[in-house]
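Commentary on secondary and tertiary structure
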Amino acid sequence: MKRTTRKSSIGLEEERNSLSLNLWMTSEDNLVGNFSTRFSLPSFVRRVEKLTDDQRTAIKKTGFGHLLEMPTQTLNKNLLVELMERWSCEKHAFILLPGEIVITLMDVALILGLRVKGDSVVLKEDEPFSDLEKEYGATISNRKITVSSIENKLESIGEIANDDFVRAFLLFTFGTFLFPTANGKVDSRYLSLLKDLDNVHQMAWGAAVLEDIIKWLSKRKEMNVQYVGSCLIFLQIWSYEHIDIARPSLLDCYLTFPRACRWENCRSHQRKWITTQFKELQENQITWELQLTSEELEIDIIKELLAAQNGSKPEHPSSIISTIDGDNLIISPHMMDKQAVENRSEREVVREGHRKQENNLERLRAPENAEVLTYATGCPSSSSCVLDEPKEQLQHPSTLKNSSINFTISVEDDLKTRYQLLEEQNMKLMEEIDKLRSENNLLRGQLLSSQQLEGQIIGLNKEVNDLKRDNGHLRFSSNNLVSRLERLILDEDINATGEM
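Predicted, not measured: the structure shown is a model, and the values here were computed from it. (Residues numbered from 1 in each chain as written. Predicted model: local features only at pLDDT ≥ 70, side-chain atom pairs only at ≥ 80, totals over all residues. Heavy atoms only, no water.)

Digging into the overall build of the chain
A count of helices and strands for the chain gives 15 helices and nine strands. The buried share of the chain, reckoned over its 500 residues, is 42%. Sequence separation of at least 24 residues holds for 74% of the intrachain contacts in the chain that already meet a minimum separation of 6. Of the roughly 28,400 Å² of accessible surface on the chain, a fraction of 52% belongs to carbon and sulfur atoms. (Helix = DSSP H or I, 4+ residues; strand = E, 2+ residues; numbered from the N terminus. Buried < 20%, exposed > 50% of the residue type's maximum accessible area, 1.4 Å probe, protein only. Contact = heavy atoms within 4.5 Å. Areas by Shrake-Rupley, 256 points an atom, 1.4 Å probe, with all protein chains shown as cover.)

Have a look at this one:
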């Protein structure tokens, strides 16, 4: 008897991805940096479409409910590979022409809708081998679970919404969407975190996703690996949100949460075109920090992160760090590099300080300030400058000190003024948004009223047609009656004439 095997949809999807990748590599063989991936958003979306209402409710309780709204998106590999080439392993940031930009926890929360503050996601190397791992086919020597076997388990569970379903679905989510690896397998130690499902929603899964992305970007940069893991669709949407290159259109519903759901599918662009766009990138094409909408400010995970930031807690996750072990990642606790997270704020302060320094130096060069400074060069910070002065002024250090203090105070005052102006502009924008929302509601009401009037008009037209039809019947009946009466009268006249 021959033994037959059936390939799952994951296997078929991987074959299609491999074929399309080969074709892509052939057309772009003059460029470097092509990559492959086991990330499979279409497989995840198809699995979500099969869920019952009870199963959706069960997943929402674990904190992964927003992922169920994910639409099908195609990976723009030309865009992603350009981002990967610009990754700095030392700074944990993308080095672009206008400056450095990092991925933050707020980006993860807004784009994926996952919690980024909470219990750490830790896969312990000394985690005891459990019966749950054995049920999924893992062994002590090989604590890995294939995505295809998880998919088969979900098929066997069917429409049941029990704990086994939740664990299997989350493992499937890890393997295809959030934490895909190069070998297409899921670490069975995740089951230790899913043993008590009541605690799953308290974990910082979003922080774990961010750390996994950083580790894969660094692994790709340092070792030039062919297969790249992590949640690549997040990286793509992050690029849409922050960098105006190959950005598709927004869907009609602009305030969709999470933000991964508000973008249309990517459009095809040649690799050379994207490379040129990055080389010519301007600062006005970059959104350094995402601005929250009023709806997003009401989301629990966003409020939790903002509360942590206002409490002077670092934004970087204290969740996981991965060390390279072949094609896999071994995860252990760590504290994320503060410098990578603080790069952006420092860069913005320096940039703003330089602009203010130039303005103040122009004022210092004016005639009324000639007795204090005659020429200034090389101001590396807002608090000190290297001054080229006449020899007679070198004898008055107190004058230079006072000038430096006044210079610093002026920069700080200018920054405060600019901040106040930005706050006022923000308030005006919020008022305009409220007005537009009110007008939108009014127009919606008018539209509903017009639709109701149209329905009434249609009903009246129907009644008019019915009355016309009834009138025609009555007219026909009355004509028949008149004809019969005329015949009766004629017959009576004839009879009367005959009797005479």
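A few points about the sheet that holds strand β3 (residues 100-101)
Strand order across the open sheet formed by three strands is β1-β2-β3, with antiparallel pairing between neighbours. Only two strands of the sheet have a single partner each, and these edge strands are β1 (87-88) and β3. Relative to strand β2 (residues 93-95), β1 runs antiparallel, the two being bridged by two bridges. Within the sheet, the bridge partner assigned to Trp87 lies in β2 and is Phe94. (Pairing = 2+ DSSP bridges.)

A closer look at the environment of Leu97
Inspection of the secondary structure puts Leu97 in the loop between β2 and β3. In this structure, the C-alpha to C-alpha distance between Leu97 and Glu280, residues 183 residues apart in sequence, is 7.7 Å. Apart from the residues lying within four places of it in its own chain, the contact partners of Leu97 are Lys279 and Leu281.

Things to note about the packing of helix α4 (residues 77-85) against helix α10 (residues 205-223)
One way to put it is that α4 packs onto α10 with a least axis distance of 9 Å and a crossing angle of 75°. When the interaxial angle is binned, α4 and α10 end up roughly perpendicular. Of the residues in α10, those in contact with Val81, Met84 and Glu85 of α4 are Leu217, Arg220 and Lys221. Across the contact of α4 with α10, the residue classes break down as three nonpolar, no polar and three charged. (Axes fitted to C-alpha atoms, helices over the stretch in contact; angles between N-to-C directions. Parallel < 35°, antiparallel > 145°, perpendicular 65-115°, else oblique. Nonpolar A, V, L, I, M, F, W, Y, C, P; charged D, E, K, R; others polar.)

As for the nonpolar core
Across soluble globular proteins, nonpolar side chains show a tendency to be buried alongside one another. In this structure, Leu112, Phe174, Phe177, Leu178 and Trp205 are the most contacted members of the largest nonpolar core, which totals 97 residues. Ranked by residue count, the leading element in this core is helix α8 (residues 163-178), at 10 residues. (Core = buried A, V, L, I, M, F, W, Y, C linked by side-chain atoms within 4.5 Å.)

Remarks on the packing of aromatic side chains
Throughout the structure, instances matching the rule amount to 13 aromatic pairs. Taking the centre distance of 5.5 Å and the plane angle of 55° together, the rings of Phe64 and Trp205 count as tilted. With Phe64 in the loop between α3 (53-60) and α4 and Trp205 in helix α10, the pair connects residues that are 141 residues apart, well separated along the chain. A relative accessible area of 2% means that Phe64 is categorised as buried. The exposure class of Trp205 is buried, given its relative accessible area of 3%. Here the aromatic residues Phe39, Phe44, Phe165, Phe169 and Phe177 are joined through ring pairs into a cluster of three or more. Taking the ring centre of Phe172 as reference, the NZ or CZ of Arg47 above it sits at 6.0 Å. The ring of Phe35 carries the charged tip of Lys77 above its face, separated from the ring centre by 5.6 Å. (Phe/Tyr/Trp six-rings, centres within 6.5 Å; stacked < 30°, edge-to-face > 60°. Lys NZ or Arg CZ within 6 Å of the ring centre and 35° of its normal.)

Topic: α8
Since the α-helix packs 3.6 residues into each turn, any two residues three or four apart lie on the same face. Among the 16 residues of α8, 14 are classified as buried, and the element is accordingly described as predominantly covered. If you check the start of α8, you find a side-chain oxygen 3.3 Å away from the backbone N of Asp164, and it comes from Asn162. (Polar contact = N/O pair within 3.5 Å; in protein donor to acceptor, adjacent residues only side chain to side chain.)

Remarks on a nonpolar patch on the surface
Taken together, the side chains of Leu481, Leu485 and Leu488 present a nonpolar region at the surface, about 290 Å² in accessible area. Turning to its location among the elements, Leu485 is positioned in helix α15 (residues 397-499). Residue classification places Leu485 among the partly exposed residues on the basis of a relative accessible area of 44%. (Patch = residues over 30% accessible without salt bridge, like charges linked within 9 Å, V, L, I, M, F, W, Y side chains within 5 Å. Salt bridge = Lys/Arg side-chain N within 4 Å of Asp/Glu carboxyl O.)

Notes on the pattern of salt bridges
Evaluation of the coordinates by the stated rule reveals 17 salt bridges. Lys50 is paired through a salt bridge with Glu155; the nearest N and O atoms lie 3.1 Å apart. With a gap of 105 residues between them, Lys50 in the loop between α2 (41-49) and α3 and Glu155 in helix α7 (residues 147-157) connect regions that are remote in the sequence. For Glu155, a relative accessible area of 42% corresponds to the partly exposed category. For Arg262, the salt bridge goes to Glu241, with nearest N and O atoms at 2.8 Å. Taken together, the residues span a long stretch of sequence, with Arg262 in the loop between α11 (232-242) and α12 (271-279) and Glu241 in helix α11 at a distance of 21 residues. Neither Arg262 nor Glu241 differs from the other in exposure class; each is buried.

Describing the side chain of His92
Counting through the fold element by element, His92 comes out in the loop between β1 and β2. A distance of 3.5 Å separates a polar side-chain atom of His92 from the backbone oxygen of Cys89.

Comments concerning helix α5 (residues 105-112)
Counting buried positions along α5 yields eight of eight residues, so the element is predominantly enclosed. Within the span of α5, buried status applies to Leu105, Met106, Asp107, Val108, Ala109, Leu110, Ile111 and Leu112. Those residues of α5 that are buried are in contact with α8, α10, α11 and α13 (300-310). Just downstream of α5, Gly113 is the residue with a positive phi angle, here 75°.

Description of the packing of α5 against α10
Closest axis-to-axis distance for the α5/α10 pair is 9 Å, and the angle between their directions is 115°. When the axis of α5 is compared with that of α10, the two are roughly perpendicular. Where α5 crosses over α10, the two elements pack in a sense that is right-handed. Across the interface between the two elements, Leu105, Val108 and Leu112 of α5 pack against Gly206, Ala207, Val209 and Leu210 of α10. (Left-handed = near helix turned anticlockwise from the far one by under 90°.)

Topic: the side chain of Thr176
Along the chain, Thr176 falls in helix α8. A distance of 2.8 Å separates a polar atom in the side chain of Thr176 from the backbone oxygen of Phe172.

Let's talk about the confidence of the model for the chain
Within the chain, residue pLDDT values average 78, and 71% of them lie at 70 or more. When the criterion is pLDDT under 50, residues 1-10 qualifies, and its contacts beyond four places in sequence or with other chains add up to 12 contacts. A low-confidence stretch, residues 360-404 stays under pLDDT 50, and its non-local contacts, those more than four residues away or across chains, total 50 contacts. (pLDDT = per-residue confidence, 0-100.)

Quick word on the environment of Val45
Among the secondary structure elements, Val45 is positioned in helix α2. Through-space distance from the C-alpha of Val45 to that of Leu68 is 7.8 Å; in sequence the pair is 23 residues apart. Every residue in contact with Val45, bar those within four places of it in the chain, is listed here: Met70, Pro71 and Thr72.

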